[in-house]
Number of protein chains: 2
Amino acid sequence: MATVTIKDVAREAGVSVASVSRALNSGGGVTAETAQRIRDVATRLSYVPHAAARSLITRRTHTIGALLPDLHGEFFSELIRGIDQAARARGLHLLVSSSHDGAADAATALRAMQGRVDGMLILSNHVDAAFLRSNLPASVPAVLLNSAVKSKSYAVLNVDNYGGAYAMVRHLLQAGHSGVTFIAGPADNFDAQQRELGYRAAMAKYAPHAPLDVVAGDFNEEAGYRAGHQLLARKPRPQAVFAANDMMAVGCLYAFKEAGVDVPGDIALAGFDDIPIARYVTPPLSTVRVRIADLGRSALEQLAALLEDSKHATPSSHTLACEIVARATCGGDRQAAPHEHAPKNAVSTSGNRSSGTGGKA
Amino acid sequence: MATVTIKDVAREAGVSVASVSRALNSGGGVTAETAQRIRDVATRLSYVPHAAARSLITRRTHTIGALLPDLHGEFFSELIRGIDQAARARGLHLLVSSSHDGAADAATALRAMQGRVDGMLILSNHVDAAFLRSNLPASVPAVLLNSAVKSKSYAVLNVDNYGGAYAMVRHLLQAGHSGVTFIAGPADNFDAQQRELGYRAAMAKYAPHAPLDVVAGDFNEEAGYRAGHQLLARKPRPQAVFAANDMMAVGCLYAFKEAGVDVPGDIALAGFDDIPIARYVTPPLSTVRVRIADLGRSALEQLAALLEDSKHATPSSHTLACEIVARATCGGDRQAAPHEHAPKNAVSTSGNRSSGTGGKA
DNA sequence: ACGCTTTATGAAAACGATTACGTTGTCGCC
DNA sequence: GGCGACAACGTAATCGTTTTCATAAAGCGT
């Protein structure tokens, strides 16, 4: 059961190793029948080329690396799913390194991937241009996800946080609310910043006389809960609240429920991300949906394009659209959908196909 | 900016490549000062050994592969998190291939990993002993997760589905319900089978005169919803319902709410998995928690042990305990916890740390 | 001083593939 | 019939490491 090498195949087929290589890879330079015979022998011996040996000479690993922060839940799964599917379709392998906290951590991981990958997918908010310059050799192409980096050396793929927030604020205002309060995310988070910008722009456009109203938050449920209580203490209570992400919106919702405030009757509420929980809280949360699997997929495809002709492939910047999902909490003229069982819209984002511990049937 | 090899380091340091290799790896066989000089030169040139070349000769890739089915949501993330953290701690890389549906698909993926990994972590319900024999060379050690396979060739690591279900049924019965109805999972799913067995055993033990009552399900919300309606149509309604997973319990809960049936007043309800949604439905769902990150972690550690001495490391079977989480839906003598914000128990399973699209702050 | 063990070091052989370059043989064409 | 082109195939170099083996220097006991 010793590993069978190309030599064994060659000997068995009565040819040289060169011919075996040609028959199995390029196809040219060998007669059709010799090629067939070689292939037969190869399968009979169940020969599988040694990946390391091959990539030593071809300088290709057919592997792409994904550097991800300490992500949780649906976001992580969907992202990987998108990446993995696209990668498999292209015959690429996926080397994952997740759960990074801090730049030093990410740098180590990035360096550890040196030479093991042909390209990188990077999602991290402590990654900037300087970081990349010193930790990523120029020779390995990379696609940055949701990054503020603007460089023509790297391709960047962002979710349209700005547009999504803008659209949601417009939606709330057009539903009749005269103002919108925004619960912000972490100050150093790129997504959070963009969402706030979208909020400000939409307010300026559709409610130019209403005051801008931003309270601090950090993307956690607890922060939303505190913000909710805080807002209820105001003399004229806000009419509508837009949280920078769903978890804060959920926290806020519980604060409102606890105080006996009706949503959306007394206050309208909306979040951002469309995490699965959003559909299950009572009442169901209006939010902005992000097609995360698509994000992963297109990131990989962009990287693959860069890999194919690293010469004249210009690393470009793209943005992925969001869509607003009007459920119960935003009030207004929504349709009276009771509860979405087995959601009809076949978006990959909303994955309540989740099974037990062991996977699908 | 051409890649710097060991030769460059050797020339620059005025030694042979052998010494460089020794200085950087074993440490023995070189003077302390030469070793230091070599290390200095190496860092100065920012030399990083070519992984392929190295593993060509050492026959080690320092990479482990993870073969996963088409998982969604929290389960997937937590599993990978656990694996990844443990892997990093051991200096191992993680090659992921997920989203497999069907045995053929899994076989292809498994074969594609040939030679790229030192060991495999496998979670898939269409993987059995025969499958492994024909698709996995005996030389590569593997750990099977949640698998029915009983073989001394492979290590198996299971969640204690049986024990968890048993404990939950006992809990329900001891809370005063005279019987429990079970909503089963897919017939061919190993977890589902074990959970049903646990249900049956607990019933036999603690309610020997109550009839066993199992209705079909498939782990999806929709099935739980249908089962819920179906159960309400019974003449004496069931007193307590235990669903084989949380998604079905949630579907069932919505069916009850729709019919105006009070939970837990009229009917008690419980699920399995403790998915994040469980905490957010109204009322919060009682369930059985599975420490998924721990599952991944110990799987990797077991594999690492196998890797270190493949000789006399006996691939053993282990089981990971569950814990029951009594929230509102199961009635009984639970404490009146209003809502768990920022959960105190620092379990890695309940990850509402989830952020926006861009990761943590 | 002299042999003998220890130790640092270098030269060279692996590892398993791809591929540039020869070599042969066959065919076509003048 | 000879000459050149081309196709099929083999030989050997190559990729960047690790590791065995040889060699030289140095320490050490007598």
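This text goes with the structure placed above it.
For the structure given in this document, a descriptive report is provided here. (Residues numbered from 1 in each chain as written. Chains lettered and ligands numbered in written order. Predicted model: local features only at pLDDT ≥ 70, side-chain atom pairs only at ≥ 80, totals over all residues. Heavy atoms only, no water.)

**Quick look at the interface of chain A and chain B**
Link 1 in the chain: With 84 residues of chain A at the contact, the number on the chain B side is 85 residues.
Link 2 in the chain: Overall, the association of chain A and chain B removes approximately 7100 Å² of surface from exposure, summing both partners, and the carbon and sulfur fraction of that is 52%.
Link 3 in the chain: Asp-105 of chain A is the salt-bridge partner of Arg-88 of chain B, the closest N and O atoms lying 3.5 Å from each other.
Link 4 in the chain: At the junction of chain A with chain B, the criterion picks out 18 residue pairs in polar contact (both at pLDDT 80 or more).
Link 5 in the chain: Of the residues contributing to the side of chain A that touches chain B, the split by class is 30 nonpolar, 33 polar and 21 charged.
Link 6 in the chain: Pairing between strand β2 (residues 93-100) of chain A and strand β2 (residues 93-100) of chain B: three bridges, direction antiparallel. Looking at β2 of chain B, one finds that Val-96 of chain A is bridged to Leu-94 of chain B. (Contact = heavy atoms within 4.5 Å. Buried area = accessible area lost by both parts, 1.4 Å probe. Salt bridge = Lys/Arg side-chain N within 4 Å of Asp/Glu carboxyl O. Polar contact = N/O pair within 3.5 Å; in protein donor to acceptor, adjacent residues only side chain to side chain. Nonpolar A, V, L, I, M, F, W, Y, C, P; charged D, E, K, R; others polar. Pairing = 2+ DSSP bridges. Helix = DSSP H or I, 4+ residues; strand = E, 2+ residues; numbered from the N terminus.)

**Concerning unusual backbone geometry**
Peptide bonds are trans in most cases, and residues, glycine excluded, mostly fall at negative phi.
Link 1 in the chain: The omega torsion of the bond from Val-263 of chain A to Pro-264 of chain A falls at 5 degrees, within 30 degrees of zero and hence cis.
Link 2 in the chain: Mapped onto the secondary structure, Pro-264 of chain A falls in the loop between α11 (246-258) and β9 (268-270).
Link 3 in the chain: Cis geometry is found at the peptide bond from Thr-282 of chain A to Pro-283 of chain A, where omega equals -10 degrees.
Link 4 in the chain: Along the chain, Pro-283 of chain A falls in the loop between α12 (277-280) and β10 (287-290).
Link 5 in the chain: Backbone geometry places Ser-46 of chain A, a non-glycine residue, at a positive phi of 50 degrees.
Link 6 in the chain: Structurally, Ser-46 of chain A is set in the loop between α3 (32-44) and α4 (51-58).
Link 7 in the chain: Even without being a glycine, His-62 of chain B presents a positive backbone phi close to 55 degrees.
Link 8 in the chain: Structurally, His-62 of chain B can be placed in the loop between α4 (51-58) and β1 (63-69).

**Digging into the protein's contact with DNA strand D**
Link 1 in the chain: Surrounding DNA strand D, one finds 28 residues, the nearest of these being Ser-16 and Arg-59 of chain A together with Ile-6, Ser-21 and Asn-25 of chain B.
Link 2 in the chain: Near the protein, meaning within 4 Å, the atoms of DNA strand D are sugar or phosphate in a fraction of 66%, with bases accounting for the rest.
Link 3 in the chain: Tyr-47 of chain B places a side-chain nitrogen or oxygen 3.0 Å from a sugar or linking oxygen of DNA strand D.
Link 4 in the chain: When contributions to the surface near DNA strand D are tallied by element, the ones reaching two or more residues are α2 (17-24) and α4 of chain A together with α2 (17-24) and α4 of chain B.
Link 5 in the chain: At five residues, α4 of chain B tops the list of elements feeding residues into the surface near DNA strand D.
Link 6 in the chain: Of the residues in the surface near DNA strand D, the class split is 13 nonpolar, eleven polar and four charged. (Near = heavy atom within 4 Å.)

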